[in-house]
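What follows is each chain in one-letter form.
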Amino acid sequence: MTEVTAAPDWSADEMMTVAASRALRDGAVCFVGIGLPSTAANLARRTTAPGLVLVYESGTIGAKPDYLPLSIGDGILADTADSVVSVPEIFNYWLQPGRIDVGFLGAAQLDRYGNINTTVIGGDYANPKVRLPGAGGAPEIAASCREVIVVVRQSKRTFVDRVDFVTSVGFGAGPGDRERYGLRGGGPRTVITDLGVMEPDPVSCELTLTRLHPGVTVEQVREATGWEIAVADDLGTTEPPTPAELTILRELEKTKGGKR
Amino acid sequence: MAEIVPLADAVSELVRDGDTVAMEGFTHLIPFAAGHEIIRQRRRDLTLVRMTPDVIYDQLIGAGCARKLVFSWGGNPGVGSLHRFRDAVQNSWPVPLEIEEHSHAGMANRYVAGAAGLPFAVLRGYTGTDLAEQTETIKPITCPFTGEVLTAVPALRPDVAVVHAQRADRDGNVQMWGITGVQKEAVLASSRSLVTVEEVVDTLEPLPGAVVLPSWVVTKVSVAPNGAHPSYAQGYSVRDNEYYQAWDAISRDRDSFQRWLDESVFATAASA
């Protein structure tokens, strides 16, 4: 590579968040996890998907926060929601029957079949090397939403051949497993990282690199993946963040947790 | 009829060593003042039940009050890990901590079954996850009408539920609003209950969407203004997000946690 390019004026994390926000269809009903998913969903509501319906597991349906909440239960979510329901109700009446279009999740570990681990790493369950927070709402979000989008930074530590613990099911051990388990949602359709975008192969269900973010090489993705990752024949490139997206995202980040 | 008593008296009467205690509040209305009083009274061998054992249970676990934790998500929301919880699971410090782990949907349904007087609840959940292998209180069940295989989880029946609410009247009727989580179910599922409130008022003005717990399902009410801090009480306070962020450093090592315990819990008396 002899080509000289100016360093972009955005970070890999910003590219990831912007790419995730663009993956949300206007008007979709989205079950939002805290952290990167919440940032991306709130960005989408201010850019490409003003009609996005944000549902948080705290029971706030149709929240329209004017700043970025730190938790899934900040007061701003209840104040701006169309409806606030109890926690049993949000899971039983809204998530379980399949009323949610998109589940938006993060992961501590993710494997080639899109299974997610947020429970333990290393050792065994009783004596783990690292104890993580656990399941929360994720297993049923992964099971029941029409589709799941995962947003996570890509590294060999995170992208592993097999997760140490299946907290939330992607495609299990391969084709047919979701059906066998009776999972009614479509599973992970898009995995968005700081390097690019992966989608499950329609036949093998294995995550396949379908898009690189600008300036990223296939070699970098391979280096950051714990299995021999397949690359799509028609590998695309993500459009870089627009100045408007960056301005709105940076403003949003400044307001996190209500700080002005 | 609920009795209105000082918090220290309520805790000493209702929470006993070895009890199963459910302190609920989903981000909002978390009963921190009551939690600190339990630490202050040096309760031991508790089975702590809570969907999101966030900072409040990190404090109780670090203080050595717990023998077992029944939960579905143990993190510091929006910040990261719970270091005292981690230290207890990974290194048995200060005492070993047994865990019984579920998902949110499973825990919520366990409270619903407890509140409804049923032995178990049915849900679509856990299928294909490793949780189903590790947790004995997750079992498959076949629907007698359709033959479909679903998941059963047993009812939660805590000895005592502890929740925080905005207000109560002088008869001990309790009113809460905003994000009300699983508090109603936790109180109804438990043998005894303690509700801390921001204030006691003459009359509870009806509010749309509010949850009212009639006095006759509540055992004790204690006034604890700002008793949810660093969580919040809608209409009274906002979530102290900086406290949650600061907790990460305080809880990271045992010495700084001990200092926090001495200065912020043992050296102070219960409010009210």
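Bear in mind that the values here come from a model prediction, so they are computed numbers and not experimental data.

*Asks:* Break down the packing of helix H1 (residues 12-22) of chain A against helix H2 (residues 36-46) of chain A for me, with residues and values.
*Replies:* Residues and elements named next belong to chain A. With their axes 8 Å apart at the nearest point, H1 and H2 run at an angle of 60° to one another. It follows that H1 is oblique to H2 by the angle criterion. The way H1 lies across H2 gives a crossing that is right-handed. Judged by residue contacts, Met16, Thr17, Val18, Ala20 and Ser21 of H1 engage Leu36, Thr39, Ala40, Leu43 and Ala44 from H2. Considered class by class, the residues forming the contact of H1 with H2 number seven nonpolar, three polar and no charged.

*Asks:* How would you summarise the sheet that holds strand E6 (residues 109-111) of chain A if you had to cite specific residues and measurements?
*Replies:* Within the open sheet, the three strands sit side by side as E7-E6-E11 (chain A). Their pairing is mixed. With partners counted over all chains shown, the strands left at the sheet margins are strand E7 (116-117) and strand E11 (159-160) of chain A, one partner each.

*Asks:* I'd like a rundown of the interface of chain A and chain B, residues and numbers included.
*Replies:* Interfaces are often sized by the amount of accessible area the parts lose when they come together. The interface of chain A with chain B comprises 43 residues on the first partner and 45 residues on the second. Across the chain A to chain B interface the summed buried area is about 3,700 Å²; carbon plus sulfur atoms make up 58%. Counting every contact that joins chain A to chain B gives one salt bridge. Across the salt bridge formed by Arg131(A) and Glu101(B), the nearest N and O atoms sit 2.6 Å from each other. Our enumeration of links across chain A and chain B arrives at 20 residue pairs in polar contact (both at pLDDT 80 or more).

*Asks:* Mind laying out the side chain of Ser103(B), listing which residues take part and the relevant values?
*Replies:* You can see Ser103(B) is positioned in the loop between strand E7 (98-101) and helix H5 (104-116). Ser103(B) gets classed as buried once you look at its relative accessible area, which sits at 0%.

*Asks:* Requested: an account of the environment of Thr47(A), with residues and values cited.
*Replies:* All names here are of chain A. Here Thr47 lies in the loop between H2 and strand E2 (53-56). According to the relative accessible area criterion, Thr47 is partly exposed, its value standing at 26%. Spatially, the C-alpha atom of Thr47 lies 33 Å from that of Arg157, the residues being 110 residues apart in sequence. When sequence neighbours within four positions are dropped, the list of residues in contact with Thr47 reads Ser21, Glu245 and Ile248. At 2.9 Å, the side chain of Thr47 and the backbone oxygen of Leu43 are in polar contact.

*Asks:* Which residues make up the domain arrangement of chain B, and what values do they have?
*Replies:* Residues and elements named next belong to chain B. With domains assigned, chain B is organised as domain 1 (3-101 + 157-266) and domain 2 (104-154). Relative to domain 2, the C-alpha centre of domain 1 lies at a distance of 26 Å. Facing the 19 residues of domain 1 at the interface are 15 residues of domain 2. Of the roughly 1,200 Å² buried between domain 1 and domain 2 on both sides combined, carbon and sulfur atoms contribute 67%. A salt bridge links Glu100 to Arg110; the shortest N-O distance between them is 2.8 Å. Run the count over domain 1 and domain 2 and you get six residue pairs in polar contact (both at pLDDT 80 or more). Of all the elements in the fold, those that place two or more residues in the side of domain 1 that touches domain 2 are strand E3 (46-50), strand E4 (66-71), E7 and helix H7 (183-189). The biggest single contributor to the side of domain 1 that touches domain 2 is H7, with four residues. Its residues assigned to classes, the side of domain 1 that touches domain 2 comprises eleven nonpolar, two polar and six charged.

About the cut-offs
- Residues numbered from 1 in each chain as written.
- Chains lettered and ligands numbered in written order.
- Predicted model: local features only at pLDDT ≥ 70, side-chain atom pairs only at ≥ 80, totals over all residues.
- Heavy atoms only, no water.
- Axes fitted to C-alpha atoms, helices over the stretch in contact; angles between N-to-C directions.
- Helix = DSSP H or I, 4+ residues; strand = E, 2+ residues; numbered from the N terminus.
- Parallel < 35°, antiparallel > 145°, perpendicular 65-115°, else oblique.
- Left-handed = near helix turned anticlockwise from the far one by under 90°.
- Contact = heavy atoms within 4.5 Å.
- Nonpolar A, V, L, I, M, F, W, Y, C, P; charged D, E, K, R; others polar.
- Pairing = 2+ DSSP bridges.
- Buried area = accessible area lost by both parts, 1.4 Å probe.
- Salt bridge = Lys/Arg side-chain N within 4 Å of Asp/Glu carboxyl O.
- Polar contact = N/O pair within 3.5 Å; in protein donor to acceptor, adjacent residues only side chain to side chain.
- Buried < 20%, exposed > 50% of the residue type's maximum accessible area, 1.4 Å probe, protein only.
- Domains from an automatic or database assignment.

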